[in-house]
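The residues making up each chain are set out below.
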Amino acid sequence: MERFLYIAIAALVFAYVMVRAISIPLVHDESVSFLNYAQTGDFLPFASIWDANNHFLSSLCGHIGYRLFGFHLLALRWASVLAFPVYAWAAWRMGLLVQHRQARWPLWLALLLCPFLLDFFSVFRGYGPALACMLWSLYFAQRFLKDGSHAALSKSLVFMATADGFMLALVPLWGL
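Report on the accompanying structure. Bear in mind the structure is a predicted one, so any value in this text is a computation, not a measurement.

Analysis parameters
- Residues numbered from 1 in each chain as written.
- Predicted model: local features only at pLDDT ≥ 70, side-chain atom pairs only at ≥ 80, totals over all residues.
- Heavy atoms only, no water.
- Helix = DSSP H or I, 4+ residues; strand = E, 2+ residues; numbered from the N terminus.
- Rg over C-alpha atoms; globule rule 2.2 N^0.38 Å.
- Core = buried A, V, L, I, M, F, W, Y, C linked by side-chain atoms within 4.5 Å.
- Buried < 20%, exposed > 50% of the residue type's maximum accessible area, 1.4 Å probe, protein only.
- Contact = heavy atoms within 4.5 Å.
- Salt bridge = Lys/Arg side-chain N within 4 Å of Asp/Glu carboxyl O.
- Expected span 1.5 Å × (residues − 1).
- Polar contact = N/O pair within 3.5 Å; in protein donor to acceptor, adjacent residues only side chain to side chain.
- Arc of directions from axis to C-beta.

**Observations regarding the overall build of the protein**
Helix and strand counts for the protein come out as eight helices and zero strands. If you list the helices and strands of the protein from N to C, you get α-α-α-α-α-α-α-α. Relative to the 2.2 N^0.38 estimate, which gives 16 Å for 176 residues, the radius of gyration of the protein is 17 Å and therefore close to what a compact globule would have. Over its C-alpha atoms, taken along the principal directions, the protein stretches across nearly 50 × 35 × 25 Å.

Following this line, the structure appears as structure tokens:
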């Protein structure tokens, strides 16, 4: 029963994310990223202009979407939108680590329903995919701490590296 309720809530939130991704106009950062990176294909950090764009995997995904589907909102935002189910799955797994239902559900609801976080899954930026990868990294880091499994440590590091590719500002977290 708990699984079905969680899936229903996550599906409703995903529908909300999708509606926002389709309906809100491009914001300034998205426009700059489209014009300078996705459209041109020059998105590597050393080739970027002097702005705050440090989302080179997001720019790569936007470039691929633009080349395949043209200039449409979902063509640019597809990676962020599809990162939400990945994030919701990681949130589910994190919640399963909490033994008591009275503590598990507030965790799940906080992770799924935070409006500030949900906005990141609706725009052409690297924050949403980075959050999804970072949550998986945290999950596997916790598994490593519990079991000492080298496979869990490797997965944690791969997910953190991917999160860094979506948002280079996360590089300092490697020290943790």
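**Topic: the nonpolar core**
The biggest cluster of nonpolar side chains holds 38 residues, and the ones touching the most others in it are Tyr-6, Phe-84, Tyr-87, Leu-112, Phe-121, Leu-135 and Leu-170. Among the secondary structure elements, those contributing two or more residues to this core are α1 (2–23), α4 (73–96), α5 (101–113), α6 (115–120), α7 (127–147) and α8 (150–166). When neighbours within four sequence positions are excluded, Leu-112 is seen to be in contact with Tyr-6, Ile-9, Ala-10, Val-13, Phe-84, Ala-88 and Leu-118. Residues Phe-34, Tyr-66, Leu-76 and Phe-124 belong to the second largest nonpolar core, which totals five residues.

**Digging into the pattern of salt bridges**
Throughout the structure, instances matching the rule amount to five salt bridges. Where Glu-2 meets Arg-101, a salt bridge forms, and the shortest distance between an N and an O atom there is 3.4 Å. Of this pair, Glu-2 sits in helix α1 while Arg-101 is found in helix α5, placing the two residues 99 residues apart along the sequence. The class of Arg-101 is exposed, set by a relative accessible area of 54%. Across the pair Asp-147 and Arg-143 runs a salt bridge, and its minimum N-O distance is 3.3 Å. Pair noted here: Asp-147 and Arg-143 are both in helix α7, with a separation of four residues, about one helical turn. Here Asp-147 falls in the partly exposed class, since its relative accessible area comes to 47%. The structure contains a network of salt bridges with shared partners spanning Glu-2, Arg-101 and Arg-104.

**Thoughts on α8**
With 17 residues, α8 should reach 24 Å at 1.5 Å per residue; the first-to-last C-alpha distance of 24 Å fits that figure. Within the sequence span of α8, burial applies to Ala-152, Ser-156, Met-160, Ala-163, Asp-164, Gly-165 and Phe-166. Packed against the buried residues of α8 are α3 (56–69) and α7. By the N-cap criterion, in which a side-chain oxygen at the helix start approaches the backbone nitrogen of a residue two or three places on, α8 is capped by Ser-149, the distance to Ala-151 being 3.3 Å.

**Details of the environment of Ser-149**
Structurally, Ser-149 is set in the loop between α7 and α8. Among the residues examined, Ser-149 registers a relative accessible area of 26% and is labelled partly exposed. Linking Ser-149 and Leu-73, residues 76 residues apart in sequence, is a C-alpha distance of 41 Å.

**Structural notes on α1**
Taking 1.5 Å per residue, 22 residues should reach 32 Å; α1 reaches 32 Å between its end C-alpha atoms and fits that length. Inspection of α1 places Glu-2, Tyr-6, Ile-9, Ala-10, Val-13, Val-17 and Ala-21 among the buried residues, and these make up the whole buried set. Considered in projection along α1, the buried side chains sweep an arc of 120 degrees and stay on one side of the axis. Seen from the buried face of α1, the exposed residues on the opposite side, beyond 90 degrees, are Phe-4, Leu-12 and Val-19.

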